[in-house]
Amino acid sequence: MVFDFITPYPDFDIEMLNGYARSKGIKLIMHHETSASATNYERWADEAFRLMNRYGYDAVKTGYVGDMVPRGEHHYSQWTINHYYRIAEKAHRYKIMVNSHESVRPGGESRTYPNWISAEAARGTEHEAFKGNNPDHQTILPFTRWIGGSMDYTPGIFQTRLDYYFPGDQRFVKTTLAKQLALYVVMYMPLQMAADLPENYKRHIDAFRFIKDVAADWDDTRILSAEPGDYIITARKAKGTEDWFVGGITDENKREYTVDFSFLDKGRKYEVTVYEDGKDADYVNNPQSYNIYKKTVTSKSKIKINMARSGGFAISAKPVE
């Protein structure tokens, strides 16, 4: 017995907060942190989902931090994987979407269960500062854990150095700001996340425009160029539109890349907005240096872009009618 999933803390008014969110056109997602006691969660799941139905919450983020209960099981054991599936099936009966955290790597679950939208199943952005993920980490994941479906990675970190908050703390996220924008395209995440603080986005509101514009799901995907562990350049067509987005990231090495727009419709003009590393950008010394410009292109156009160390670029392309 860890949590009962139906009793909020005294300062958390379930009905009021959800009503306020809806008045702003926003939905809240319930968080069910099980503390890895999967048996306890199954004991309470029906009541927890009924509570969510009663107050209008239709999405849940599950969590499994700690050693798994039943004792001796692991997060990837057969019993625990079956548990994830049992929870997804039960949530589906209550018409609740599931974002499964600390669970197994994607294996097609989002195709089997239409309410299983995503899973946190790799060392995400939080580990880049706290555990020291290397700059090549995101160039590998699309070819390994991402092959089996969507994943919740929490990109969008604009303030990368922890000493900004805690003077003297030497930890930092090993990325440039432009690379963080590129992750929204490179990584398939139909449940998107803007993971930084609002005040950090306000300081870079021109760059935040890309996060506002980028799609959450896609009709088409093209891998323009890639070398696992070194770099990857991805183009995706936004679902239900004619808009395209391009994202490119590199490892700890600087890299030059020429974007070939031949994937665009022939005979059409597009206005592109390019978000690229600044000339003096560097993931250690100057991660927040970036440059934004607009340009009109066609399927015959090419644009040369320089990526800083652990840098990247993001492009939105919208048809000009």
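Provided above is the structure to which this section pertains.
Scope of this entry: the structure provided in the associated data block. (Residues numbered from 1 in each chain as written. Predicted model: local features only at pLDDT ≥ 70, side-chain atom pairs only at ≥ 80, totals over all residues. Heavy atoms only, no water.)

As for the nonpolar core
Note that soluble globular proteins tend to have their nonpolar side chains buried in a common cluster.
Piece 1. Within the largest apolar cluster, 28 residues are counted, with the highest numbers of intra-cluster contacts made by Y41, F49, M52, V60, Y64, Y84 and I96.
Piece 2. Listed by contribution, the elements that provide at least two residues to this core are α2 (38–55), α3 (78–93) and β4 (116–120).
Piece 3. If you tally residues by element for this core, the top one is α2, at eight residues.
Piece 4. Listed in part, the 20 residues of the second largest apolar core include W244, Y270, F313 and A317. (Core = buried A, V, L, I, M, F, W, Y, C linked by side-chain atoms within 4.5 Å. Buried < 20%, exposed > 50% of the residue type's maximum accessible area, 1.4 Å probe, protein only. Helix = DSSP H or I, 4+ residues; strand = E, 2+ residues; numbered from the N terminus.)

What about the sheet that holds strand β7 (residues 244–250)?
Piece 1. Within the open sheet, the six strands sit side by side as β5-β6-β7-β12-β9-β10. Their pairing is antiparallel. Pairing within the sheet leaves two strands with one partner each, and these edge strands are β5 (218–227) and β10 (290–297). Shown here is a sheet whose adjacent strand axes are inclined to one another by a mean of 15°, direction ignored.
Piece 2. Strand direction decides the pairing type here: β7 and strand β12 (residues 312–319), joined by six bridges, are antiparallel. Residue pairing for β12: F245 is matched across the bridge by S316.
Piece 3. Packed on one face of the sheet, helix α7 (residues 177–186) meets β5, β6 (231–238), β7, β9 (270–277), β10 and β12 and runs near 125° to β7. (Pairing = 2+ DSSP bridges. Axes fitted to C-alpha atoms, helices over the stretch in contact; angles between N-to-C directions. Contact = heavy atoms within 4.5 Å.)

Let's talk about unusual backbone geometry
Piece 1. Each neighbour pair has its own omega, and for V69 with P70 the value is 20°, a cis peptide bond.
Piece 2. Inspection of the secondary structure puts P70 in the loop between β2 (59–63) and α3.
Piece 3. At A36, a residue that is not glycine, the phi angle is positive and equals roughly 70°.
Piece 4. In this fold, A36 is placed in the loop between β1 (30–33) and α2.
Piece 5. With phi around 60°, K95 is a residue other than glycine that occupies positive phi space.
Piece 6. On the secondary structure map, K95 appears in the loop between α3 and β3 (97–101).
Piece 7. Residue class for K95 comes out exposed when judged on its relative accessible area of 72%.

A word on the packing of aromatic side chains
Think of a pair of aromatic rings as described by two things: how far the centres are apart, and how the planes are tilted against each other in angle.
Piece 1. Within the structure shown, the criterion is met by 19 aromatic pairs.
Piece 2. With a centroid separation of 6.1 Å and 65° between ring planes, the pair formed by Y85 and W116 is classed as edge-to-face. One end of the pair, Y85, is in helix α3; the other, W116, is in strand β4, and 31 residues separate them in sequence.
Piece 3. A relative accessible area of 5% places W116 in the buried class.
Piece 4. Taken together, F210, W218, F245 and Y275 form an aromatic cluster joined through their ring pairs.
Piece 5. Over the aromatic face of W79 sits the side chain of R86, whose NZ or CZ is 5.1 Å from the ring centroid. (Phe/Tyr/Trp six-rings, centres within 6.5 Å; stacked < 30°, edge-to-face > 60°. Lys NZ or Arg CZ within 6 Å of the ring centre and 35° of its normal.)

Some remarks on the side chain of K237
Piece 1. Structurally, K237 can be placed in strand β6.
Piece 2. A relative accessible area of 18% means that K237 is categorised as buried.
Piece 3. Every residue in contact with K237, bar those within four places of it in the chain, is listed here: D217, W218, D219, D220, E242, D243 and W244.

Section: the pairing of β5
Piece 1. As defined by bridge partners, β5 adjoins β6 across eight bridges and the pair is classed as antiparallel. Along β6, the bridge assignment pairs A226 with I232.
Piece 2. What sits between β5 and β6 in their antiparallel hairpin is a turn of three residues, with G229 showing a positive phi close to 90°.

Looking at the pairing of β4
Piece 1. The buried count for β4 comes to four of five residues, which makes it a mostly enclosed element.
Piece 2. Of the strand pairs in this sheet, β3 and β4 are connected by four bridges, and their pairing is parallel. From the neighbouring strand, S100 faces β4, where its bridge partner is A119.

Looking at the packing of α7 against helix α9 (residues 205–213)
When two helices pack together, their arrangement is captured by the angle between the axes and the distance separating the axes.
Piece 1. Where α7 meets α9, the closest approach of the two axes is 10 Å, and the angle between their N-to-C directions is 10°. As judged from the angle between their axes, α7 and α9 are roughly parallel. Across the interface between the two elements, L177, L181, Y184 and V185 of α7 pack against A207, F210 and I211 of α9.
Piece 2. Across the contact of α7 with α9, the residue classes break down as seven nonpolar, no polar and no charged. (Parallel < 35°, antiparallel > 145°, perpendicular 65-115°, else oblique. Nonpolar A, V, L, I, M, F, W, Y, C, P; charged D, E, K, R; others polar.)

A look at the pattern of salt bridges
Piece 1. Summed over all chains, the structure comprises 14 salt bridges.
Piece 2. Where R209 meets D213, a salt bridge forms, and the shortest distance between an N and an O atom there is 3.0 Å. Of this pair, R209 and D213 both sit in helix α9, separated by four residues, roughly a single helical turn.
Piece 3. In this structure D213 comes out as partly exposed when scored by relative accessible area, which is 22%.
Piece 4. A salt bridge links R268 to D265, with the shortest nitrogen-to-oxygen separation between them at 3.4 Å.
Piece 5. Residue R268 is classed as partly exposed on the basis of its relative accessible area of 24%.
Piece 6. For D265, a relative accessible area of 30% corresponds to the partly exposed category. (Salt bridge = Lys/Arg side-chain N within 4 Å of Asp/Glu carboxyl O.)

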